[in-house]
Amino acid sequence: MTRNPKEITQMRKLISKIKANCPDLDRLEDYEEWVNSGVWSWPPRLKEVPAEKINRCGDVLNGPIYTCEGYEWPKYNNLPMVPFIQLDLKRCSRVSGVDLGTGLLQVWFGCGLIMGEDAFIRVVPADQVHKDKLLPVPAFDMEKLGDSTPAYLFWADTGWRATKATQIVSYKYRYFTLPHAYTFREEHREQLLGLGKNCKQMIKELDSMIEFSRERFSTGTHLMGTFGSIQYYPSECPTPLFCFEGDLEFYNFGDGNGQLFFIKDSTGKISFSLDWSCL
């Protein structure tokens, strides 16, 4: 897609050099896997708007999304499901350079369901998306929802026309993301005992690069990119389409994060899934 930052290339070369010259050191493969998990992302530009004025045909991070005949507002236990996110796949393709198809990708939840494994995910075909086809937003009975009301439904709390929703209006310039990592000294200090001066110096240099990466290449909420490891590692997962951090006030992952993943098979068919983890 695009060339990696020079610091990433330098770390890869240094790790290879350490492996070749310091054969008694273990766990260097973990650092190779870590540095290879870095990838470009595109942070969204967000705008708070009254829920009634949100563009339901566009990218919505928090608020009412698109429905039409044939793609009505879904229900769970006779209650309207809650929209989690909507992304215009053509726009995502244009920004990221990855062919993701077209249409509106939507993720929904039924109140009380477990986020991730119980997500209802669908794609509304592009030829069905037009503002003239929009169906009304249903009323949400907050008393029936009770304690199961998710934070990302607060836009409907006092009547959906009155409160704020969040629109993705555009995407910022690309930003390289790399999961948080601990230095070799923090994780494997005991291995440094008995090492020669040259190996210790290279480890010191690697640790300085790792500390730099924490500030320069952090993860967050963005299109594509990668995420911090909590209950699973990026290498164990499909490719992220969108990453969520728990510090967003309307998404609560319990001091954790969530990811919307995609997989493209040999025929070009794309499937989507959602997962989340917390401390």
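This write-up is about the structure you can find in this document. (Residues numbered from 1 in each chain as written. Predicted model: local features only at pLDDT ≥ 70, side-chain atom pairs only at ≥ 80, totals over all residues. Heavy atoms only, no water.)

Attention now moves to the overall build of the protein. Broken down by element type, the protein carries six helices and 14 strands. Relative to its full complement of 279 residues, the protein shows a buried share of 48%. The contacts in the protein between residues at least 6 apart in sequence include a share of 67% that link residues at least 24 apart. For the protein, the exposed surface amounts to about 14500 Å²; the carbon and sulfur share of it is 47%. (Helix = DSSP H or I, 4+ residues; strand = E, 2+ residues; numbered from the N terminus. Buried < 20%, exposed > 50% of the residue type's maximum accessible area, 1.4 Å probe, protein only. Contact = heavy atoms within 4.5 Å. Areas by Shrake-Rupley, 256 points an atom, 1.4 Å probe, with all protein chains shown as cover.)

Within the open sheet, the six strands sit side by side as E10-E1-E11-E12-E13-E14. Their pairing is antiparallel. Single-partner strands in this sheet number two, and they are strand E10 (175–177) and strand E14 (270–277). On average, each strand axis in the sheet is tilted by 30 degrees relative to the strand beside it, whichever way the strands run. The sheet contact formed by strand E13 (residues 257–264) and E14 spans eight bridges and is antiparallel. Each residue of the ladder has a partner; that of Asn 257, found in E14, is Ser 277. (Pairing = 2+ DSSP bridges. Axes fitted to C-alpha atoms, helices over the stretch in contact; angles between N-to-C directions.)

What follows is about helix H6 (residues 197–216). Residues separated by three or four positions in an α-helix point in the same direction, a consequence of the helix having 3.6 residues per turn. Here H6 is 20 residues long and its end C-alpha atoms lie 29 Å apart, about the 28 Å a rise of 1.5 Å per residue gives. Turning to H6, its buried residues number three or more, namely Cys 199, Met 202, Ile 203, Leu 206, Asp 207, Met 209, Ile 210 and Ser 213. For H6, the buried positions fall inside an angular range of 160 degrees around the axis, keeping them on one side. Structural note: H6 exposes Lys 197 and Glu 215 on the side pointing more than 90 degrees away from its buried face. (Expected span 1.5 Å × (residues − 1). Arc of directions from axis to C-beta.)

Turning to the pattern of salt bridges, a few remarks are in order. Under the definition given, this model contains five salt bridges. A salt bridge links Glu 32 to Lys 19, with the nearest nitrogen and oxygen atoms 3.1 Å apart. Of this pair, Glu 32 sits in helix H2 (residues 28–36) while Lys 19 sits in helix H1 (residues 6–21), placing them 13 residues apart in sequence. As a salt-bridge pair, Asp 207 and Arg 185 come within 3.3 Å of each other at their nearest N and O atoms. Residue Asp 207 is found in helix H6, and its partner Arg 185 is found in helix H5 (residues 184–188); the two are separated by 22 residues along the sequence. The exposure class assigned to Asp 207 is buried, which follows from its relative accessible area of 5%. Taking the relative accessible area as the measure of exposure, Arg 185 reaches 25% and is therefore partly exposed. (Salt bridge = Lys/Arg side-chain N within 4 Å of Asp/Glu carboxyl O.)

This part is about the pairing of E13. Along any regular strand the residues' side chains alternate between the sheet's two faces. For E13, the tally of buried residues reaches six of eight residues, placing the bulk of the element in the interior. Where E13 hands over to E14, the hairpin turn is made up of five residues, of which Gly 268 adopts a positive phi near 95 degrees.

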